Amino acid sequence: MSTQKKPLSDKARAVGERIGSLRDFLEFLEENGQCITWTDEILPEPDVRNIAVAAGRDSMNGPAVIFNNITGYPGKKLVLGVHGSFTNLALLLGHPKGTTIKELFYDIISRWGDDKPLLDFIEPDAAPVNENRLSDNFNLYDLLPLYRINEYDGGFYIGKANVVSRDPRDPDNFGKQNVGIYRIQVQAPGEFTLLSVPAHDMGRHIMAAEQDNVPLKIAVMLGNHPAMCMFAATPVGYDESEFSYASQMMGSPLRLTKSNNGMDILADSEMVIEAELMNGVRSFEGPFGEFPGSYSGVRKIPRFKVTAISHRNDPIFENIYIGRGWTEHDTLIGLNTSAPIYAQLTKDFPEVVAVNALYQHGLTGIISVKNRFAGFAKSVAMRALGTPHGTMYLKNLIMVDDDVDPFDLNEVMWALSTRTRAEDTIVIPNMPMIPIDPAAEIAGKGHRLIIDATSFMPPDKLGSDSKIVTPPAGPEIDEIAKLIQLLQNGGQS
Amino acid sequence: MNTCPRCQAAEEKIRAEHKGLNAQGELVWTIFHCNACEFTWRDSEPASTIDYNKREAFFRVDPEKPYPVIMPPAQYK
Ligand SMILES: [Zn+2]
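All values reported here derive from a predicted model rather than from experimental measurement. (Residues numbered from 1 in each chain as written. Chains lettered and ligands numbered in written order. Predicted model: local features only at pLDDT ≥ 70, side-chain atom pairs only at ≥ 80, totals over all residues. Heavy atoms only, no water.)

So, on to the environment of T346 of chain A. Residues and elements named next belong to chain A. Assignment of secondary structure puts T346 in helix α10 (residues 328–348). A sequence separation of 179 residues divides T346 from D167, and the C-alpha atoms of the two residues are 32 Å apart. At a separation of 2.9 Å, a polar atom in the side chain of T346 contacts the main-chain carbonyl oxygen of Y342. Within the structure, the side chain of T346 is placed 3.2 Å from the backbone oxygen of A343, a separation counted as a polar contact. (Helix = DSSP H or I, 4+ residues; strand = E, 2+ residues; numbered from the N terminus. Polar contact = N/O pair within 3.5 Å; in protein donor to acceptor, adjacent residues only side chain to side chain.)

Spelled out as structure tokens, the structure:
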């Protein structure tokens, strides 16, 4: 897929050239006051969770937080919140602090595509990720400062890994090689479960491998180039490469190399865990505090065993806080969820101005559109429900005029207050829905809502019940939030 | 006796996974794993996570009960 491109600014080009890895980006964030280091000794639980939630409160300007003094993990580094604020994303794209979400949306749209990939392939021996290599006696509990993300999670999760797998029926196809973020629960020192479903690319690979009884090898990349994470979480076409999208967005080459088990991997990642599906094995997994803000329950899911681990010297473990929003998950995927819906809609309806699908992976979407005639916005809403992401996710749609910034909720509320007739509210019963939506009638099925909050045109004559993740709250977290602000401003309040 | 905080499996079902040491090499915590329900925990966690009686009952697991299987495998091993 490709959209109209405009040349990158000099600043954007310079940032793209400078940032080749997570480390480069952390340094850049730090220079810009968007990355702090937590040097006080903390316990893995509940301290990491408490600090992550407090730091994540400011979705516009919150910093990334590096932890380097976690009890029981001397010398180990953990980073959270790398994609935790829109300012961090703005810096990645070469914009100044204070860039609005709408400006970022249009910039990402202008860079969207995979037709001009910029990929450099380097020899494995020259790749920083191979500075250290383990081939047996794996212990993920020792290599990574693992911890429980939410208090009732079933175990210790790796929530931000970019997992590479190849289609076992077409293993040489670069485009069908998939890079995705799948939640990983460590189940033993050298084994983990990985959650995918048949609709995901990874799920297709797992089912094909088991049906044909052939090995499924994967590479789990940790601590990656920040653009990679954004596209690993983006639903692109099955035969489109996430590597290509990520490099094209940065306008600068991504360095790839080959893992020992045959995957293309980022040469500059912090760690790559090579693993193999344990064919036919299913293990208890979950609960896990998920992006709708509730726990997904216990299930039996596929299990993998580690076959090799490569890592840089002093690897940094990058993870994510996810749970009841706003969280880093929302910032990480929000604009990349919105962009393809916009691209698909504007093919048929150039009147669409912008799409805001930031909320809970697009469970609520706000679309701004220039009405061509009375009722036109409702037709556009129906089309949105038929886009690939809309089919499962766009549950509540609010349609606003082209004079309303869908990313500015004050403006959206104004449109709702002044331009909505109760009759312009449509409920479509018994539609498909994501299984983890706590508002589903039954898991996987529920109702859709369209609110037409656009203004009137001629011929118009008129002008549940589920378990909620409880993030840490209260005076203690308020104090942490204040301290974070202080650290961010170099000690000046 | 060390039983599973989630399913109350007996001690023989519990695996000690990893011992966390401080910079001086002293033991500061231990990670355990339950072979019956696959729960993993660290003995330094708050009681609300690792004490069976203080955990919300909603989150208890009975390994004998059927749980949904994601992508039922082509052949079980
Ligand atoms: Zn148990």
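Further remarks concern the nonpolar core. Residue and element names in this part refer to chain A. Counting 89 residues, the largest nonpolar core has L26, M221, F243, L335 and V352 as the members making the most contacts within it. The greatest single-element share of this core, amounting to seven residues, is contributed by α10. In this structure, this core is formed jointly by two domains, domain 1 (10–318) and domain 2 (349–468), each of which donates at least three residues. Leave out the neighbours within four places in its chain, and L26 touches C35, I66, V79, V82 and I316. Among the nonpolar cores identified, the runner-up in size contains 68 residues, and I51, V53, A209 and I434 belong to it. (Core = buried A, V, L, I, M, F, W, Y, C linked by side-chain atoms within 4.5 Å. Buried < 20%, exposed > 50% of the residue type's maximum accessible area, 1.4 Å probe, protein only. Domains from an automatic or database assignment. Contact = heavy atoms within 4.5 Å.)

For the rest of this paragraph, the subject is the coordination of the zinc ion. Residues and elements named next belong to chain B. Coordination of the zinc ion by the protein is provided by C4 (SG), C7 (SG), C34 (SG) and C37 (SG), with metal-donor distances spanning 2.3 Å. Taken together, the four donor atoms coordinating the zinc ion span angles of 105 to 115 degrees at the metal, a pattern that classifies the geometry as tetrahedral. Linear spacing of the donor residues for the zinc ion on their chain is C-x2-C-x26-C-x2-C. Here C37 lies in the loop between β2 (27–34) and β3 (40–42) and C7 lies in the segment before β1 (14–21), a separation of 30 residues in the sequence. (Donors = N, O, S within 2.8 Å, 3.2 Å for Na, K, Ca; no water. Tetrahedral: all angles 85-135°; square planar, octahedral: opposite > 155°, others 65-115°.)

Attention now goes to the packing of aromatic side chains. Residues and elements named next belong to chain A. If you walk through the whole model with that rule in mind, you get 22 aromatic pairs over all chains. Look at Y152 and Y295: their rings are 6.4 Å apart centre to centre, the planes differ by 75 degrees, and that puts the pair in the edge-to-face class. One end of the pair, Y152, is in the loop between α6 (140–143) and β6 (157–158); the other, Y295, is in strand β16 (residues 295–296), with 143 residues separating them in the sequence. In terms of burial, Y152 and Y295 fall into one category: buried. (Phe/Tyr/Trp six-rings, centres within 6.5 Å; stacked < 30°, edge-to-face > 60°.)

Attention now moves to the confidence of the model for chain B. Per-residue confidence for chain B gives a mean pLDDT of 93; residues scoring 70 or more make up 95%. For this predicted complex, the interface score ipTM comes out at 0.96, alongside a pTM of 0.91. (pLDDT = per-residue confidence, 0-100.)

Residue and element names in this part refer to chain A. By the element assignment, D107 lies in helix α5 (residues 101–111). Accessibility expressed as a relative area gives 10% for D107, which makes it buried. Leaving out residues up to four positions away in the same chain, D107 has contacts with L93 and H95.

Each full turn of the α-helix corresponds to 3.6 residues, which orients residues three or four apart in the same direction. Residue and element names in this part refer to chain A. Counting buried positions along helix α9 (residues 242–250) gives nine out of nine residues, so the element sits mostly inside the fold. Restricting attention to buried positions, one finds in α9 the residues E242, F243, S244, Y245, A246, S247, Q248, M249 and M250. Where α9 begins, the capping side chain belongs to S241, and its oxygen is found 3.1 Å from the backbone nitrogen of F243.

Looking now at unusual backbone geometry. Residues and elements named next belong to chain A. The omega torsion of the bond from E45 to P46 falls at -5 degrees, within 30 degrees of zero and hence cis. Following the sequence through the fold, P46 ends up in the loop between β1 (35–38) and α3 (47–55). In this model, G325 is joined to W326 through a cis peptide bond whose omega is 5 degrees. In this fold, W326 is placed in the loop between β18 (316–318) and α10. A positive phi angle, near 50 degrees, is found at Q360, a position not held by glycine. Following the sequence through the fold, Q360 ends up in the loop between β19 (352–359) and β20 (364–369). In this structure, N430 is a non-glycine residue whose phi angle is positive, near 55 degrees. In this fold, N430 is placed in strand β22 (residues 425–432). Its relative accessible area of 46% is what places N430 among the partly exposed residues.

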